[in-house]
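Structural overview for review
Listed below, chain by chain, are the residues.
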Amino acid sequence: MVRKAVKTDLKDILDIYESARIYMKNNGNPNQWGDEWPPVHIVEEDINNETLYVIERNDTLCGVMEFHIGEDPSYGILDEGKWHYDSEYATVHRIASNGKEAGIFKEFLDFGKTICKHIRIDTHTDNIIMQNLIEKHEFEKCGRFFSQSKRWWIAYEKIFD
């Protein structure tokens, strides 16, 4: 079940992000989230803005994603490449699982496309696992952008039928 995150979910959400950071470090991507991303204040902000969603299975949170509709400032202009579509879009950020449940990415996508048919997502250039997952779900690679964190990100988008 996908639902909006609430304040009482905070500890479980932070645990999911910790699991994701450990997984990334152990799989060749130690820099994307480092030791503290996302910080607690960002997670609380996402909850307060009602843009943070969780997947709950058997009374346990096993996935989290930030999902919002509208312009994303980091997606203004790609440094390399270009966006293929200019319709209103939703953005997926900070998506993670607890590492114990399968199908989290697909479940979030199935949910997201019911809200907005045009979805954009990005990932760090070192995150080969996420790149493969995004491409497996037939997102189009649009290019790269350089973020304020001084890192390169690969940008993707997809229009769902």
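Look up a bit, the structure's there.
Notes on the structure follow. Treat the numbers as computed from the prediction; the structure is a model and nothing was measured.

1. Focus on the layout of surface pockets
- Taken as a whole, the largest pocket spans an internal volume of roughly 1400 Å³.
- For the lining of the largest pocket, the elements supplying multiple residues, two or more each, are helix 1 (10–26), helix 2 (40–48), strand 3 (60–69), strand 5 (90–97), helix 3 (104–115), strand 6 (118–124), helix 4 (128–136) and strand 7 (140–146).
- The biggest single contributor to the lining of the largest pocket is strand 5, with six residues.
- Across the lining of the largest pocket, the residue classes break down as 21 nonpolar, 17 polar and 11 charged.

2. Some thoughts on helix 2
- Of all the residues in helix 2, the buried ones are Ile-42, Val-43, Asp-46 and Ile-47. For helix 2, the angular spread of buried residues about the axis comes to 140 degrees, placing them on one side.
- Following helix 2 by one or two positions, Glu-50 adopts a phi angle in the positive range, close to 60 degrees.

Rules used throughout
Residues numbered from 1 in each chain as written. Predicted model: local features only at pLDDT ≥ 70, side-chain atom pairs only at ≥ 80, totals over all residues. Heavy atoms only, no water. 1 Å grid on protein atoms, 1.4 Å probe; cavity = no way out; pocket = protein on both sides within 12 Å on 5 of 7 lines; lining within 4 Å. Points joined across faces, edges and corners; volume = space filled by probe spheres on them. Helix = DSSP H or I, 4+ residues; strand = E, 2+ residues; numbered from the N terminus. Nonpolar A, V, L, I, M, F, W, Y, C, P; charged D, E, K, R; others polar. Buried < 20%, exposed > 50% of the residue type's maximum accessible area, 1.4 Å probe, protein only. Arc of directions from axis to C-beta.

From the geometry alone we can't say anything about function, so treat these as descriptive.
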